[in-house]
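Here is what each chain is made of, one letter per residue.
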Amino acid sequence: MWFDTDKCFIAGEWVDAIAGQVLELENPSDGSVICKIARGEVTDIDRAVKAARAALHGDWGKMSAVERGRILTKMGILVLERVDELAKMEAQDVGKPLTQARADAVALARYMEFYGGACDKVHGETIPYLDGYTVYTMREPHGVTGHIVPWNYPMQIIGRSVGAALAMGNACVLKPAEEACLTALAFVDIAREAGLPAGALNVVPGLGSEAGAALTAHPDVNHLSFTGSVGVGTLVQAAAANNIVPVTLELGGKSPQIVFDDADLDAALPFLVNAGVQNAGQTCSASSRILMQAGIYDKLLAMMVAKYEALKVGPAEADLNVGPLISGRQKDIVTGFLSQVEGNAKVVARGSIVSDAPANGHYVAPALIAGVEASHALAQDEIFGPVQVVIRFETEEEAIAIANGTDYGLVAGIWTRDGARQMRLAKAIRSGQVFINNYGAGGGVELPFGGMGKSGHGREKGFEALYGFSVVKTVAAFHG
Ligand code: NAD
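1. Section: the overall build of the protein chain
Along the backbone of the protein chain there are 16 helices and 22 strands. Its C-alpha radius of gyration of 23 Å places the protein chain within 12% of the 23 Å reference for a compact globule of 480 residues. Considered along the principal axes of its C-alpha atoms, the protein chain spans approximately 70 × 60 × 40 Å. A burial count over the protein chain gives 57% of its 480 residues as buried. Long-range contacts, defined here as pairs at least 24 residues apart, represent 75% of the contacts in the protein chain between residues at least 6 apart. A distance of 2 Å separates the average location of the 39 positive side-chain charges in the protein chain from that of its 53 negative side-chain charges.

In structure tokens, the structure reads:
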């Protein structure tokens, strides 16, 4: 590693956590300790927020939009130059197969390119008003923005959240997850190298209950962006309410893919399976429910079973289909769900863990479960592991009711050749993104993303995020 792993990055410098405490970072592929990281807490967060505020009053706050754009674009170029190093780091830290980790590093570069190019393209409006007035709006940064990210896609989530916030001229304090934070640390060092002024981006690693809670409660933070679980999201929203600051919540999901009798099954198959097992199912937008219409049910289930049985699970560096889960705790949660398979529900296929997978890695063979009642916990709760449930339906109305029948509403996929049905379902499904005859659209840095219901609120990604990370000021001048 070319940076200090056991430090915070504040005001452009690597510094020890004030209390001098550290945490150990585990490699989920074999259970070994990768390195130590800083255990920041309330005083470190306070120092980082003060550094961010100072940056807003200093070089960063005075910088033109075009200059900000150049720096963000340079950050993207430097990320691309280090793509292999970053991919190795993420694979080791998160346990994701190298190819997936590399795709995440490329996506981080894409976010910086996209938001770098967008900095000078967000404009205000002039508003026709009463005689004698000139009225216009300006989009201003919120000020200091707090970013709390999870361990499952650190690079992608930092890119979409910090990238958009910096583009609008905010100064950021980032609290990465205690389970995986190496690429967050690498990224700030890249930002420094690209010429980002001191204090514009600060990182305080540490525990959620310490550094995370301190960031959400800090009275001088003007906006919070949280990606993580519903439980913690509730706490973050309460903390934001206390200080009356806006908050973006990107939470979990139980996203369906609905396959109708007229669908192209061969085209659908890889999306159905990959969207469930990518990143070992630890993806907010994982497609964990597959709804199959009665006419193709037997055929499509057999196709999915064959694909599942070919899935290989092993260490990140082996670059197989599926890596380990992030932790022993996550493995216990997933196996706990698997022990709830009961009644008509049956595990109809499993992938296999390679024989030389290290004994201390957190491996779970992917499981496909059929015959699940739509109301059962397996079909309602986010499992966050390589587990998909299959539900049979007869009619379009029934499919919509099942698809909308959870607390979540993040993503949905519809597979049908019937154009009118595509349009009806795209309207009827309650979710932030709907994909027709595909799922995920290859990630799509440009595409607004976010939830409905308990999947959260606010949008990140695309141009839409720039509105979320800024605030409108209306100026009304009376000149007679
Ligand atoms: P988590 O909520 O436990 O942790 C997420 C982050 O919050 C971590 O950085 C953690 O340290 C911090 N945190 C924990 N307690 C905190 C507190 N009291 N105050 C402030 N911060 C605190 O989630 P997780 O288990 O790391 O991630 C998995 C969850 O994230 C899943 O539910 C998944 O669906 C969701 N997720 C959502 C998206 C999305 O874009 N919608 C993307 C990725 C993950």
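Once you've had a look at it, read on.
2. Quick look at the environment of glycine 169
In this structure, glycine 169 sits in the loop between helix 6 (154-167) and strand 8 (171-175). Take glycine 169: its relative accessible area is 7%, and that puts it in the buried class. The spacing of glycine 169 and tryptophan 60 is 109 residues in sequence and 7.5 Å in space, taken between C-alpha atoms. Apart from residues no more than four positions distant in its own chain, glycine 169 is found in contact with Leu56, Trp60, Arg68 and Pro141.

3. Concerning the packing of helix 6 against helix 7 (residues 182-193)
Relative to each other, helix 6 and helix 7 sit at 45°, their axes nearing to 9 Å. By the angle class used here, helix 6 and helix 7 are oblique. Considering only the axes of helix 6 and helix 7, their crossing is right-handed. Contacts between helix 6 and helix 7 involve Pro154, Met155, Ile158 and Val162 from the first element and Thr183, Ala184 and Phe187 from the second. For the contact of helix 6 with helix 7, the residue count by class is six nonpolar, one polar and no charged.

4. Topic: a nonpolar patch on the surface
Together, Tyr129, Leu130, Tyr133 and Phe478 make up an exposed nonpolar region whose accessible area comes to about 460 Å². By secondary structure assignment, the location of tyrosine 133 is in strand 6 (residues 133-141). Overall, the relative accessible area of 33% leaves tyrosine 133 in the partly exposed class.

5. Comments concerning the domain arrangement of the protein chain
Entries for the protein chain in the domain assignment read domain 1 (8-252 + 457-475) and domain 2 (255-407 + 411-444). Using only C-alpha atoms to locate each centre, domain 1 and domain 2 end up separated by 31 Å. Taken together, the contacts link 22 residues of domain 1 with 28 residues of domain 2. Both faces combined, the contact of domain 1 with domain 2 buries some 1,900 Å², and carbon together with sulfur accounts for 52% of it. Our enumeration of links across domain 1 and domain 2 arrives at zero salt bridges. At the surface where domain 1 touches domain 2, the tally comes to 14 residue pairs in polar contact (both at pLDDT 80 or more). Elements supplying a minimum of two residues to the side of domain 1 that touches domain 2: helix 4 (83-94) and helix 5 (98-118). The class makeup of the residues in the side of domain 1 that touches domain 2 is eight nonpolar, seven polar and seven charged.

6. Section: the site of the ligand
With respect to spatial proximity, 28 residues lie near the ligand, and among them Arg160, Glu178, Ser229, Leu251 and Glu382 are the closest. Taking arginine 160, its side chain carries an N or O atom lying 2.7 Å from an oxygen atom of the ligand. At 3.5 Å, a backbone N or O of glutamate 250 approaches a nitrogen atom of the ligand. For the ligand, whose unbound accessible area comes to 850 Å², protein coverage reaches 89%. Taken together, the elements giving at least two residues each to the shell around the ligand come down to helix 6, helix 8 (208-217), strand 10 (223-227) and helix 9 (230-243). The leading source of residues in the shell around the ligand is helix 8, at three residues. Across the shell around the ligand, the residue classes tally to 16 nonpolar, seven polar and five charged. Mapping the shell around the ligand onto the domain boundaries places at least three of its residues in each of domain 1 (8-252 + 457-475) and domain 2 (255-407 + 411-444).

7. Observations regarding the pairing of strand 4 (residues 33-38)
One ladder, built from five bridges, connects strand 3 (residues 22-26) with strand 4; its direction is antiparallel. Its bridge partner being in strand 4, glutamate 24 is matched across the sheet by lysine 36. Adjacent in sequence and paired antiparallel, strand 3 and strand 4 are bridged by six residues, among which glycine 31 carries a positive phi angle near 80°.

8. Re the environment of glutamine 92
Note on placement: glutamine 92 falls in helix 4. Spatially, the C-alpha atoms of glutamine 92 and glycine 31 are 11 Å apart, while their sequence positions differ by 61 residues. If near-sequence neighbours (up to four positions away) are discounted, glutamine 92 is found in contact with Asn27, Pro28 and Ile34.

9. Here's the deal with the packing of aromatic side chains
Applying the stated criterion across every chain, the model contains twelve aromatic pairs. Where tryptophan 151 meets phenylalanine 384, the ring centres are 5.6 Å apart and the plane angle is 75°; that geometry is what we call edge-to-face. Residue tryptophan 151 is found in the loop between strand 7 (144-148) and helix 6, and its partner phenylalanine 384 is found in the loop between helix 13 (377-380) and strand 18 (387-393); the two are separated by 233 residues along the sequence. One exposure class covers both tryptophan 151 and phenylalanine 384, and it is buried. The ring of tryptophan 2 has arginine 82 lying over it, and the distance from NZ or CZ to the ring centre is 4.2 Å. The side chain of arginine 392 reaches across the aromatic face of tyrosine 297, ending 5.0 Å from its centre.

Rules behind the numbers
- Residues numbered from 1 in each chain as written.
- Predicted model: local features only at pLDDT ≥ 70, side-chain atom pairs only at ≥ 80, totals over all residues.
- Heavy atoms only, no water.
- Helix = DSSP H or I, 4+ residues; strand = E, 2+ residues; numbered from the N terminus.
- Rg over C-alpha atoms; globule rule 2.2 N^0.38 Å.
- Buried < 20%, exposed > 50% of the residue type's maximum accessible area, 1.4 Å probe, protein only.
- Contact = heavy atoms within 4.5 Å.
- Lys, Arg positive; Asp, Glu negative; His and termini not counted.
- Charge placed at Lys NZ, Arg CZ, Asp CG, Glu CD.
- Axes fitted to C-alpha atoms, helices over the stretch in contact; angles between N-to-C directions.
- Parallel < 35°, antiparallel > 145°, perpendicular 65-115°, else oblique.
- Left-handed = near helix turned anticlockwise from the far one by under 90°.
- Nonpolar A, V, L, I, M, F, W, Y, C, P; charged D, E, K, R; others polar.
- Patch = residues over 30% accessible without salt bridge, like charges linked within 9 Å, V, L, I, M, F, W, Y side chains within 5 Å.
- Areas by Shrake-Rupley, 256 points an atom, 1.4 Å probe, with all protein chains shown as cover.
- Salt bridge = Lys/Arg side-chain N within 4 Å of Asp/Glu carboxyl O.
- Domains from an automatic or database assignment.
- Buried area = accessible area lost by both parts, 1.4 Å probe.
- Polar contact = N/O pair within 3.5 Å; in protein donor to acceptor, adjacent residues only side chain to side chain.
- Near = heavy atom within 4 Å.
- Pairing = 2+ DSSP bridges.
- Phe/Tyr/Trp six-rings, centres within 6.5 Å; stacked < 30°, edge-to-face > 60°.
- Lys NZ or Arg CZ within 6 Å of the ring centre and 35° of its normal.

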